Amino acid sequence: MSTSAATEYAGAWTVGRSVRRTALLVLFGFLAVGLNTGIGYVTAGIRAIPIGTGVLLCLAFATGVHLLHRATWLALLSLLPALFVLVGSVQLAPDLALEQRGVRQQVTIVDAEATGKRHTFTLRGATGPLDEPLVYQGSAPGYRVGDTLTVLSDPDGRIALRDADRVDSAGKVTGLVLGTLGWTLIALLAGVRGHVRRRTGRHAGLVF
């Protein structure tokens, strides 16, 4: 082998090493999904915690893709399924808790206030006004004074009252599955392309 060829293949991995490191990244993806979903259960009602840990785990996975792949575009692409992972892991626990132990009641919206994108709706049930309002964050809540809807409230007071039609644990599980599958496919592709890039001496940090 010539000196130039020896230099070209100096950073190459064996097939076994590439397979092992690809498998480790896939395993990390599964563990990240499980870990953040577990944190969401433990801290149900305090979304800032699973959001924070979820963002860190998603960035860690993207970094792993970049290191394995030796290019940037797949790492950026991994952020798309990361959104499914983040939303699903953060929202699954509150939705499950409300479905399992939430108090379901029909209410009427009797007053509404808006501060920026935070909309607060005062509710009245069959026995009188509710102590807890319905809060919506966004520009188009879709609720008006006089509307009647069904809500779920947490008897323990840990989880905010929600519109029952917007509580969907099955949808969150589907999102988690899609996010995990997306991560798995990206990790496998990163492993194959990264192995080839090392065999041909292409350096890390390139976009493609």
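A quick note: this is a predicted structure, and the numbers were derived from the prediction, not measured. (Residues numbered from 1 in each chain as written. Predicted model: local features only at pLDDT ≥ 70, side-chain atom pairs only at ≥ 80, totals over all residues. Heavy atoms only, no water.)

(A) Molecular detail of helix α3 (residues 48–69). End to end, α3 covers 31 Å across 22 residues, agreeing with the expected 32 Å (1.5 Å per residue, within 8%). By the burial criterion, the buried members of α3 are P50, G54, L57, C58, F61, A62, G64, V65, L68 and H69. Along the axis of α3, the buried positions cluster into a sector of 155 degrees, meaning they face one direction only. Residues A48, L56 and L67 are exposed on α3 and point more than 90 degrees away from its buried face. Once α3 finishes, R70 follows within two positions and takes phi at roughly 65 degrees, a positive value. (Helix = DSSP H or I, 4+ residues; strand = E, 2+ residues; numbered from the N terminus. Expected span 1.5 Å × (residues − 1). Buried < 20%, exposed > 50% of the residue type's maximum accessible area, 1.4 Å probe, protein only. Arc of directions from axis to C-beta.)

(B) Up close: the environment of F121. Mapping F121 onto the fold places it in strand β2 (residues 118–125). Residues F121 and L188 lie 67 residues apart in sequence; the distance between their C-alpha atoms is 47 Å. The contact partners of F121, leaving out residues within four places of it in the chain, are I109, D111, A112, P133, L134, Y136, P141 and Y143. (Contact = heavy atoms within 4.5 Å.)

(C) A look at the packing of helix α2 (residues 15–42) against α3. Interaxial distance between α2 and α3 falls to 9 Å at its minimum, and their mutual angle equals 175 degrees. By the criterion of interaxial angle, the relationship of α2 to α3 is roughly antiparallel. Taken together, the residues of α3 that come into contact with α2 (itself represented by R21, T22, L25, F28, G29, A32, L35, N36, I39 and G40) are I49, P50, T53, G54, L57, A60, F61, G64, V65 and L68. (Axes fitted to C-alpha atoms, helices over the stretch in contact; angles between N-to-C directions. Parallel < 35°, antiparallel > 145°, perpendicular 65-115°, else oblique.)

(D) Representation of the nonpolar core within the structure. Judged by nonpolar contacts, the single largest core of 21 residues is most densely connected at L25, F61, V65 and W183. Those elements that provide at least two residues to this core are α2, α3, α4 (73–77), α5 (79–101) and α6 (169–199). Beyond its immediate stretch of four places on either side in the chain, F61 contacts L25, F28, G29, S78, W183 and A187. If you look at the next biggest cluster of nonpolar residues, it comprises 11 residues, including L130, L134, Y143 and V151. (Core = buried A, V, L, I, M, F, W, Y, C linked by side-chain atoms within 4.5 Å.)

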